Amino acid sequence: MANFIGVLASCFISLSGIPLVVFVTNSDVLSQPINLMAIGFTSMATIVVFVYLVVPPNGIKKEEGKEGRGVLYYTCCLFMWASMTDLALQGQRFGLFGLKSGTGYFEHGEPYLDTPFGLGVQGWNAIVNYLLYIHIIYNIDNNKDPRYTAIYWAGGILTSQFCVIVGAYSGSFATYLPPSVAMNIVFVVFPMWVFFHFLNKPRSDKIQAINSTKYRALDIFLITGLLVASFFMIIRGLGALDSPFPLTKYYVTTHEPYIMEPGKFGATWVLYGFIYGVPFQLFAIYGLLHSGCEWMMDLVVFYAAGMLQGTCVYMAYTWFPMSNPEYHIPQASMYMVIAINVFLVFISNLLLWRCFAEPQYFVKGKLKKN
């Protein structure tokens, strides 16, 4: 019989984030930003201890090939609570769910979240990541391997943290960053630990390796697509670096002006693709051409998640009510820009499908002719 104890307990405890947000944003605590940081860290520590007592680690023991209730489990429980605080903050920002409208937290806590990009990140965390936490907790409690769900979650949240933190410290918000910004360290350290934990952990599934593939035609399509995607990422990345290269200037000004927005969140997203996306895609081409590249299985999950999360938040700017029309996608190039960004997501997720459609081509081991 399926075990839902951890899921139900975590969901119930996560709801405590909503009244906490209401209390903090309607009290005098916001007058001293340092108090907000102290309340944030104290609340997170309290949630972890409480969850630890309600669903103790000895309830599900760690076994070979299984995860058990450990760092990943309690990180998901804590981050579910954080997802509810994000939902409550958005509810207050727009007067939803019967919450009193207010922007106090954004003014005194994390001002960069009161932007289309910041609110998009919060929305993703409140909905998509919340569902991923439930799936990971359920898998652990039922002795199922949460490896790929955990890596997928880590890819999305680390991508968003890169854009939020780098954008906040390099853009117009860098002139005033309250102490509560330090709370982001939790949302970097633990996902990074989870990611490297699984990179160094042997897979629980035993797959017979092969050195040939039946998907060679698809591989050729993917290689072509990855090269095209890398080209666009380089052009956009150079635009974020304010390159005077004519093609870059033309593309940024006539297609994606959000890259030049002073908050720098659009720029940090395309820089992520330039710094991480392009090298990974070139390595992925190598992995498609040579069998036994086992690292592809994990890294493609991480990359596909980041591309989906980052592109959705990035593209939402044009249609967000509070966005600056100056940086909207020009109407003349709207369809082309949408097509380019959809293509970038499509090619990364097609690569993900390719790897899991024939995992035996990528794993190491004694080779068997296909």
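All figures in this text were calculated on a predicted structure; none of them were measured in a lab. Position numbers for residues start from 1 in each chain and track the written sequence from start to end. Whole-chain, interface and lining totals are the exception, using all residues; otherwise, since this is a predicted model, local features are given only for residues with pLDDT of at least 70 and side-chain atom pairs are given and counted only at 80 or more. Note that water and hydrogens are dropped before the side-chain values are worked out from all heavy atoms of the structure.

Engineer: Whenever I open this one, the overall build of the protein confuses me. Can you help?
Structural biologist: A count of helices and strands for the protein gives 13 helices and zero strands. Working definition: helices are DSSP H or I runs of at least four residues, strands are E runs of at least two. Numbering for both runs from the N terminus. Beginning at the N terminus, the succession of helices and strands in the protein can be written as α-α-α-α-α-α-α-α-α-α-α-α-α. Radius of gyration here uses only the C-alpha atoms, and the compact-globule reference equals 2.2 Å multiplied by the residue count raised to the power 0.38. For the protein, whose C-alpha radius of gyration is 22 Å, the value lies close to the compact-globule estimate of 21 Å for 370 residues. Principal-axis analysis of the C-alpha atoms gives the protein an extent of 70 × 60 × 30 Å. Across the 370 residues of the protein, 55% fall into the buried class. Residue contacts are counted whenever heavy atoms from the two residues lie within 4.5 Å of one another. The long-range fraction of contacts in the protein, counting pairs at least 24 apart against all pairs at least 6 apart in sequence, stands at 79%. We get accessible surface area from the Shrake-Rupley algorithm with a probe of 1.4 Å; when it comes to residues, only the shown protein chains can shield them. By element, 69% of the accessible surface of the protein is carried by carbon and sulfur atoms, the whole surface being about 16500 Å². When charges are counted, Lys and Arg are positive and Asp and Glu negative, with His and the chain ends excluded. In plain terms, the charge of a residue is placed at NZ if it is Lys, CZ if Arg, CG if Asp and CD if Glu. Each charge class in the protein was averaged separately, 21 positive and 19 negative side chains, and the resulting centres sit 12 Å apart. Burial here depends on accessible area, computed with a 1.4 Å probe over protein chains only, as a share of the maximum for the residue type. Under 20% is buried, over 50% is exposed, and the range in between is partly exposed.

Engineer: Explain empty space enclosed by the protein to me, please; I cannot follow it from the model alone.
Structural biologist: Buriedness for pockets is judged along seven lines, at least five of which must meet protein on both sides within 12 Å for an open set on the 1 Å grid over protein atoms alone, while cavities are sets there where a 1.4 Å probe fits but cannot get out, and lining residues have an atom within 4 Å of a point. Grid points are joined across faces, edges and corners, and a volume is the space filled by probe spheres set on the points. On inspection of all chains with the given rule, the structure shows two cavities of 30 Å³ or more. Considered as a void within the structure, the largest cavity measures approximately 560 Å³ in volume. As for the largest cavity, its lining consists of 32 residues, and the residues nearest its centre are T85, D86, Y105, E110 and F187. Of all the elements in the fold, those that place two or more residues in the lining of the largest cavity are α2 (17-25), α3 (33-54), α4 (71-94), α6 (116-141) and α7 (147-170). Side-chain classes follow a simple rule in which Ala, Val, Leu, Ile, Met, Phe, Trp, Tyr, Cys and Pro form the nonpolar group, Asp, Glu, Lys and Arg form the charged group, and the remainder, Gly included, forms the polar group. A class-by-class count of the residues in the lining of the largest cavity yields 18 nonpolar, 12 polar and two charged. Considering only enclosed or pocket space, the second largest cavity measures out at about 60 Å³ in volume.

Engineer: Sorry, what's going on with the nonpolar core here?
Structural biologist: Side chains that are nonpolar tend, in soluble globular proteins, to be buried together. Put simply, buried Ala, Val, Leu, Ile, Met, Phe, Trp, Tyr and Cys residues joined by side-chain atoms within 4.5 Å make one nonpolar core. L72, F79, F117, W153, L288, M296 and L351 are the most contacted members of the largest nonpolar core, which has 107 residues in total. If near-sequence neighbours (up to four positions away) are discounted, F117 is found in contact with C163, V164, Y258, F265 and V313.

Engineer: So what exactly am I meant to see when it comes to the side chain of D298 here?
Structural biologist: Looking at the element boundaries, D298 is found in helix α12 (residues 295-315). Given the relative accessible area of 3%, D298 is considered buried. A polar contact of 2.9 Å, which involves the side chain of D298, links it to the side chain of R147. For D298, the residues in contact, after removing those within four places along its chain, are R147, Y148, I151, F198, L199 and R203. Polar contact criterion, stated in full: a pair of N or O atoms within 3.5 Å, where within protein one must be able to donate a hydrogen and the other to accept it, and residues adjacent in sequence count only if both atoms are side-chain atoms.

Engineer: Is there a simple way to think about a nonpolar patch on the surface in this case?
Structural biologist: Any residue with relative accessible area above 30% and no salt bridge may belong to a patch, with like charges joined within 9 Å and the nonpolar Val, Leu, Ile, Met, Phe, Trp and Tyr side chains within 5 Å. Think of a salt bridge as a Lys or Arg side-chain nitrogen and an Asp or Glu carboxyl oxygen that are within 4 Å of each other. Taken together, F41, V71, I185, V189, F190 and W193 make up a surface patch of nonpolar side chains, about 500 Å² in accessible area. Among the elements that make up the nonpolar patch, the one with the highest residue count is helix α8 (residues 186-199) (three residues). For W193, the location among the structural elements is in helix α8. Under the relative-accessibility criterion, W193 is labelled partly exposed at 37%.

Purely geometric numbers; function is a separate question.
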